[in-house]
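A look at the structure
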Amino acid sequence: MIRLPQPEGGVREYTPRPAQAPDPAGAGPLTSRTVFSAAHVVADPHADTTPDSPAAVDWDATLAFRRHLWAQGLGVAEAMDTAQRGMGLDWAGAAELIRRSAAEAKAVGGRIACGVGTDQLTGPAGLAAVREAYEEQLALVEETGSQAILMASRALAAAAASPDDYLDTYAHLLRQASEPVILHWLGPMFDPALDGYWGSADLDTATDTFLEVIAAHPDKVDGIKVSLLDAQREIDLRRRLPQGVRCYTGDDFHYPELIAGDDQGFSHALLGIFDPLGPLAARAVRVLDTGDVKGFRELLDPTVELSRHLFQAPTRFYKTGVVFLAWLAGHQEHFTMVGGLQSARSLPHLARAYELADGLGLFPDPELAESRMRSLLTVYGVER
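Below is a summary of the structure that appears in this document. Since we're looking at a predicted model, the values are computed, not measured.

The sheet built from eight strands closes into a barrel, its strands ordered β3-β4-β5-β6-β7-β8-β9-β10 with parallel pairing. Mean inter-strand twist for the sheet, computed between neighbouring axes without regard to direction, equals 25 degrees. In the packing of helix α1 (residues 59–71) onto the sheet, contacts are made with β3 (35–38), β4 (75–78) and β5 (112–116), and the angle to β4 comes to roughly 140 degrees.

So, in C-alpha cells, the structure goes:
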C-alpha cells in the first residue's frame, strides 16, 4: 500500500500491481506500420549545470534507452522539437545526439530519423538565414545516413509574411534533400511560437498550403507527421495526400484509432508516448501485423488515459512524465532532466502517472517502481 497525493489535496491509498512474468519481446521488424518513438535524452545528474546552461547528457544511458527501443522493433525519432529541442538541448547538443545515435543505429541495425530545424538561430532572422540554418542541419543529418524530418521552425514562423514564404522555403529545402524526408506540422499546443504556421491561423487555409508543398515535390516527401491533436483533421488530411506519401500520426490523444485506420487508409506513427509505451506498443503492432485490429485496439486503447494525462496542458511539458516513468521503470538511475524540467509537473500529476503506468503493467520491476515512488514522496514530505 502506498499513499499518493491527490490534485484536490490530501492523499489516498493505492495498492500497486503485483509482479507478473513479462511478455516476451517480439523479434524482427514490424510489418504493417512504420513506427517511431520520439525518445528522451538522459541528463547527467552529477554535472554542475543551471537551467539556462548547455545540457549535460549521460550518453551511455541515452544510447542504452535507444537500444531498448530498437530491440522492440521500433524506430527512433531523434533530436525532435517536442522531445528535446527548444526546451533543453541547443543545436550543439542536438548535433552530438544525432551523430552518436546514428552511429549506434548503424551498429545495431536500428531504424532512425532525425529532426532538422533552425534552432541554432538565437535571435530575429530573415528568410535567407532561416534557409541557411535548415541547410546546415539537413547536411549533418544526411551525412550520418539518417532519414531527415523537416521540423516546423520558430524562426520561419516569425520571419514569414505570407504562405508563399513557406512554399518557397520548403521547395528550396526539398530540392536539396538527397532522399525523401518527413515533414512535421507541429501545432501551437506543443509550441505556442508556431501559431499560424503555413501562413495562416485558419487550419483549413494552412492545410491547403501544407498540401501544396507536398504536391509540388511528392518524390521528395516520404510522409508527414501531424501533431495537432485533432483526429478528424488528420484523417481528412491523410485522405488528400498524393499516392505513396505516408501519414505518421503525432496525435498522442487518438493514436489507437488513427493507427488502426479505416477502409480508406491508416496512419503510421511517430509518437512521444511510444517512449514509455515502447514494449507494449510494439506488441500491439505485432498483433496488428496479423490483421487482428480488435486485438490491437484491446492492447492499445487502455493506454490512452495515461497518454492524455502526460500530454495535458501545458502539453510541451509532457517530457517530465516520460522521464519520470523511465526512472521508475529502471531505464535510468535518477529523475533529473536537462533544463531542470523535472520540476515542470506537480507531485499529484506524477503520482497519477505512476498509478496509471502501474495499472498498465509498464514497470518490468513493480517493486523497484514502488520503492522509487516512495523515495520521491519522502523528498516531498508525504512519506516519513
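With that settled, the discussion passes to the side chain of Thr62. Along the chain, Thr62 turns up in helix α1. Within the structure, the side chain of Thr62 is placed 2.9 Å from the backbone nitrogen of Val42, a separation counted as a polar contact. A distance of 2.9 Å separates a polar side-chain atom of Thr62 from the backbone oxygen of Asp58. Residue contacts for Thr62: discarding those within four places in its chain leaves Val41, Val42, Val57 and Leu97.

Once that is clear, we can look at helix α13 (residues 347–359). The end-to-end C-alpha separation of α13 is 18 Å, in line with the 18 Å expected for 13 residues at 1.5 Å each. The element α13 is extensively covered by neighbouring structure, given that 10 of its 13 residues are classed as buried. Of all the residues in α13, the buried ones are Leu347, His349, Leu350, Ala351, Ala353, Tyr354, Glu355, Leu356, Ala357 and Asp358. Residues of α13 that are buried sit in contact with β1 (2–5), β2 (11–14), α11 (304–310), α12 (318–328) and α14 (366–379). Capping of α13 at its N-terminal end is provided by Ser346; its side-chain oxygen lies 3.2 Å from the backbone amide nitrogen of His349.

Now for the packing of aromatic side chains. The tally for this structure, following the rule as stated, stands at 17 aromatic pairs. Between Tyr166 and Tyr197 the ring centres are 4.8 Å apart and the planes differ by 70 degrees, which places this aromatic pair in the edge-to-face class. Placement of the pair is Tyr166 in helix α5 (residues 163–176) and Tyr197 in the loop between β7 (181–186) and α6 (203–216), with a sequence separation of 31 residues. Residue Tyr166 shares its accessibility class with Tyr197, and that shared class is buried. On the numbers, 6.2 Å between centres and 50 degrees between planes, the contact of Phe324 with Trp327 is tilted. Taken together, the residues Phe324 and Trp327, both in helix α12 and three residues apart, mark about one turn of the helix. Each of the two residues, Phe324 as well as Trp327, counts as buried. An aromatic cluster is defined as three or more aromatic residues linked by ring pairs; in this entry it consists of Tyr134, Tyr166, Tyr170, Trp185, Tyr197, Trp198 and Phe210.

Quick notes on the rules
- Residues numbered from 1 in each chain as written.
- Predicted model: local features only at pLDDT ≥ 70, side-chain atom pairs only at ≥ 80, totals over all residues.
- Heavy atoms only, no water.
- Pairing = 2+ DSSP bridges.
- Helix = DSSP H or I, 4+ residues; strand = E, 2+ residues; numbered from the N terminus.
- Axes fitted to C-alpha atoms, helices over the stretch in contact; angles between N-to-C directions.
- Contact = heavy atoms within 4.5 Å.
- Polar contact = N/O pair within 3.5 Å; in protein donor to acceptor, adjacent residues only side chain to side chain.
- Expected span 1.5 Å × (residues − 1).
- Buried < 20%, exposed > 50% of the residue type's maximum accessible area, 1.4 Å probe, protein only.
- Phe/Tyr/Trp six-rings, centres within 6.5 Å; stacked < 30°, edge-to-face > 60°.

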